[in-house]
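# Commentary on secondary and tertiary structure
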Amino acid sequence: MDDTSAKKQEDFIRDIVRQEIETNRFGGKVNTRFPPEPNGLLHIGHAKAIWISFALAEEYGGYHNLRFDDTNPLTEKQEFVDAIIKDIRWLGWDLKERIFFASDYFEQMYEYAVQLIKKGKAYVDDSTAEEISKNRGNFTTPGKLSPYRERSVEENLDLFKRMRDGEFPDGSRVLRAKIDMAASNMNMRDPLMYRIQRATHLHVGDKWCIYPMYDWAHGLEDSIEGVTYSLCSLEFKDHRPLYDWFLDALGIFHPQQIEFGRYSLTYTVVSKRVLGPLVDAGVVNGWDDPRMPTLSGLRRRGYTPEALKLYCESSGVSEANTIIDINFLEHCLREDLNKRAPRVMVVLRPLKLVIDNYPEDQVEEFNAVNNPEDPAAGTRKVPFSKVLYIEQEDFQEVPPPKYYRLAPGREVRLRYAYFITCTGVKKNEKGEITEVHCTYDPATKGGDAPDGRKVQSTMHWVSAKHAVEADARLYDHLFTKENPMDVEEGGDYKDYLNPHSLEVIKSCKVEPSLAKAQPGGLYQFERLGYFCVDPDSSANKLVFNRTISLRDTWAKIQKQQK
RNA sequence: UGGCGAGUGGUGUAGUGGUAGCACAGAGGACUUUGAAUCCUUUAGCCCAGGUUCGAAUCCCGGCUCGCCAGCCA
């Protein structure tokens, strides 16, 4: 990733790393990893977790591995491997060749397990799953020792080999570490290391019928890869003693696990358990629906990797689980989009505007600035004629207080074109306004009055006969409640789904320069917001997603007036 | 009612024994050919109670609140 914007990062993890560099614990090396299980798509929370690990290694010149923690073949799929790699690359991380699979270490893990058995620190248990669960005890009661706990090393070795060789049915035996059935930390009550599970593995096929458990496998994977700092979320804090125990028992390279808080966003939920049903029920249009917090959803929505990076690095790292105000994410988005998005004029809800004193067949072209934040973006020509479209919201027959836009008798500026003065309206039989009529002042060509008079408002417009039609999809938060998971008695999170999270507007009028817009293209529709071209667009129909609106002071005033 | 962790403005974070700072959000204003952007001003905070100290957000002690943990999931 480019780090032109990188500022000095300070957090408790970097404090630890800095201290350990001074004490030379790892010879100055800072290597990290991001270890997803390929059983789902990455979301905004993962983007932050990836940033925490990868940016740290990058700062210290270490490597950052992507390692698929593929120890449970029942839930894992190749499509997720592919999607995860795509998402991480999209975020801007250079993975180089450093993409690994836990399953590549299965043989080595097996050898390590044999070592533990030989040291008398692991045993094969023939108990059923229920027995093991029951004998584990609970928070206040110690567990009971398994009747198989004192088997001889020879018997354990033999049984474990035969587990691997497929002599026993699924679930009939497990390999467990011999630690302490009375430990207050449940993870230390003789945790399982291997289970028998016949399933075709996405990466190693049918080679194995025993699969390692997370706690056993994870430290080994880190150790084998030379990861120095194994960063994970808070819920693994209780697992660290076990992580350490395995590595110490084996006497192999021992990385440092450090846990950080999970990050959530207001008006959002990232859990598969919640999002899955919404996808299945068609509440959203798939995992990459622009309302989804998945990286594929954010990408389709128009989020940029740079905006996400800004969000990750400026939202802090701590040991508390937090819910970050989604306003902050959106602020980061606007920050980036403002700098990069070309400006363009689009009328979402058209209202016909006729300039009565403008010559019938005349067409003029005005120069429009592509991006005031970036002079290098240049200018473009925008055609102007007698009949235009303006935004319905930009005209009020009876203007409310503080309304600056067009109203009968009022003069406003049409951006880059002329000052116009409203002379009247035409209505249909239902009394709805169908046309607004006005006159223009030829002396204000380009948008400046030679006599220095001012107008209160500048409005966007599109020439009717040059307009291209497009659909616009306007998005809002998926949920109406800050924390949708904080449900009231008898309710559930579905009660907080936002019924207005998607609004589709047909037949918007866009300026002709947009005719050649390509999927993924990002624009600022002046005065409206940032939009991107959706992949649903075709040669004869443009579809735009509203990525995020512009900050809207007028909307705020209107709210106050209510 | 066991273990582990966390509590600083509304939100997120800095501060590690010496004037509680930053960002977002909120409020007000300047500027403006986007009611955008930009700029300025401003509201608002150390979970509670003891103790140590000249001095405590920081150290000690007790309490409270929140989160996580009893998968052959990760």
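Everything numeric in this text was worked out from a predicted model, so none of it was measured.

### Some details on the packing of helix α1 (residues 12-22) against helix α2 (residues 44-59)
Two numbers describe how α1 lies on α2: the axes approach to 12 Å, and their chain directions differ by 35°. The element α1 and its partner α2 pack so that their crossing is right-handed. Taken together, the residues of α2 that come into contact with α1 (itself represented by Ile13, Arg14 and Val17) are Trp51, Ile52, Leu56 and Glu59. Of the residues in the contact of α1 with α2, the class split is five nonpolar, no polar and two charged.

### A look at the protein's contact with RNA strand B
Near RNA strand B, the surroundings consist of 69 residues, among which Arg343, Arg405, Gly446, Gln524 and Thr553 are the closest. Across the atoms of RNA strand B situated within 4 Å of the protein, the share located in sugar and phosphate is 61%. Between RNA strand B and the protein, one listed contact pairs a base nitrogen with a backbone N or O atom of Gly171 at 3.0 Å. At the level of secondary structure, the elements contributing two or more residues to the surface near RNA strand B comprise α5 (129-135), β6 (192-196), β11 (322-324), α12 (326-340) and α13 (553-561). Looking at the surface near RNA strand B, the element that brings in the most residues is α13, giving five residues. Here the residues of the surface near RNA strand B are counted per class, giving 22 nonpolar, 25 polar and 22 charged.

### So, helix α11 (residues 305-314)
Within α11, seven of the ten residues are buried, leaving the element largely enclosed by the surrounding structure. Those residues of α11 lying buried are Pro305, Ala307, Leu308, Lys309, Tyr311, Cys312 and Glu313. Where α11 is buried, its residues contact α2, α3 (78-90), β10 (263-265), α10 (295-301), β11 and α12. Trailing α11 by a residue or two, Gly316 shows a phi angle of about 85°, which is positive.

### Focus on the confidence of the model for chain A
Within chain A, residue pLDDT values average 96, and 99% of them lie at 70 or more. The ipTM for the predicted assembly is 0.97, set against a pTM of 0.96.

### Section: the sheet that holds strand β27 (residues 542-549)
Reading across the sheet, the seven strands line up as β12-β25-β26-β27-β23-β24-β13 and stay open at both edges, with mixed pairing between neighbours. At either margin of the open sheet sits one strand with a lone partner, and together these are β12 (343-344) and β13 (346-347). Note that β12 and strand β25 (residues 522-525) share two bridges and pair parallel. Bridging across to β25, Arg343 finds its partner in Gln524. Of the strands in this sheet, β12, β25, β26 (529-533) and β27 touch α12, which is tilted by about 120° from β27.

### Some details on the side chain of Lys48
Positionally, Lys48 belongs in helix α2. Asp11 provides the closest opposite charge to the buried, unpaired Lys48, separated from it by 8.1 Å. A polar contact of 2.6 Å, which involves the side chain of Lys48, links it to the side chain of Ser315. With sequence-adjacent residues up to four places away left out, Lys48 is seen in contact with Tyr263, Cys312, Ser315 and Gly316.

### Let's talk about the sheet that holds strand β3 (residues 99-101)
The strand order across the open sheet built from three strands is β1-β2-β3, with neighbouring strands paired in parallel fashion. Each end of this open sheet is capped by a strand with a single partner; those strands are β1 (32-34) and β3. When the angles between neighbouring strand axes are averaged without regard to direction, this sheet yields 35°. Two strands pair when backbone bridges link them, and β1 and strand β2 (residues 64-68) are joined in this way by three bridges, in the parallel orientation.

### Here's the deal with the packing of α2 against α11
Geometry of a packed helix pair, given as the angle between the helix axes and the separation of the axes. At a closest axis distance of 9 Å, the pairing of α2 and α11 adopts a crossing angle of 65°. Relative to α11, the element α2 lies roughly perpendicular. Here α2 runs over α11; the crossing is right-handed. Only Leu308, Tyr311, Cys312 and Glu313 of α11 make contact with α2, whose side of the interface consists of Ile44, Ala47, Lys48 and Trp51. Of the residues that constitute the contact of α2 with α11, the class distribution is six nonpolar, no polar and two charged.

### What to know about a negative patch on the surface
Together, Asp486, Glu488, Asp492 and Asp495 give the surface a local cluster of negative charge. Within the secondary structure layout, Asp495 lies in the loop between β23 (468-475) and β24 (502-510).

### A short note on the domain arrangement of chain A
Split into domains, chain A comes out as domain 1 (12-260) and domain 2 (341-467). Measuring from the centre of the C-alpha atoms in domain 1 to the corresponding centre in domain 2 gives 64 Å.

What counts and what doesn't
- Residue indices follow the written sequence of each chain, beginning from 1 at its first position.
- Note on labels: chains are lettered from A, ligands numbered from 1, in written order.
- With the structure being a predicted model, the display of local features is reserved for residues of pLDDT at least 70 and the display and counting of side-chain atom pairs for 80 or more, all residues being used for whole-chain, interface and lining totals.
- Think of the side-chain values as coming from all heavy atoms in the structure, minus any hydrogens and water.
- Orientation is described by lines fitted to C-alpha atoms, with helices fitted over the stretch in contact, and by angles between N-to-C directions that extend from 0 to 180 degrees.
- Under the DSSP-based scheme used, a helix requires at least four consecutive residues in state H or I and a strand at least two consecutive residues in state E, with every element numbered from the N terminus.
- The handedness criterion is simple: a crossing whose near helix is rotated anticlockwise from the far helix by less than a right angle is left-handed, and one whose near helix is rotated clockwise is right-handed.
- For this analysis, residues touch if any pair of their heavy atoms sits within 4.5 Å.
- Any residue that is not Ala, Val, Leu, Ile, Met, Phe, Trp, Tyr, Cys, Pro, Asp, Glu, Lys or Arg is counted as polar, Gly included; the first ten are nonpolar and the last four charged.
- Being near a molecule or strand, for a residue, comes down to having at least one heavy atom within 4 Å of it.
- Polar contacts, as counted here, are pairs of nitrogen or oxygen atoms within 3.5 Å of one another; within protein the pair requires one atom able to donate a hydrogen and one able to accept it, and residues that are adjacent in sequence qualify only if both atoms are side-chain atoms.
- Residue burial is assigned from relative accessible area. The probe radius is 1.4 Å, only protein chains are included, and a residue is buried under 20% of its type maximum, exposed over 50%, and partly exposed in between.
- For every residue, the predictor states its confidence as a pLDDT score lying anywhere from 0 to 100.
- Two strands pair under a simple rule: DSSP has to find at least two bridges between them.
- His is not counted here, nor are the chain ends, while Lys and Arg score as positive and Asp and Glu score as negative.
- Any Lys or Arg side-chain nitrogen located within 4 Å of an Asp or Glu carboxyl oxygen qualifies as a salt bridge.
- By the definition adopted for this analysis, an angle is roughly parallel if under 35 degrees, roughly antiparallel if over 145, roughly perpendicular if from 65 to 115, and oblique otherwise.
- Here the term patch refers to residues with relative accessible area over 30% and no salt bridge, with like charges joined within 9 Å and nonpolar side chains (Val, Leu, Ile, Met, Phe, Trp, Tyr) within 5 Å.
- Using a 1.4 Å probe, accessible areas were evaluated by the Shrake-Rupley method; residue-level cover was limited to the displayed protein chains.
- A charge is said to be at NZ when it belongs to Lys, at CZ for Arg, at CG for Asp and at CD for Glu.
- Source of the domain bounds: an automatic or database domain assignment.

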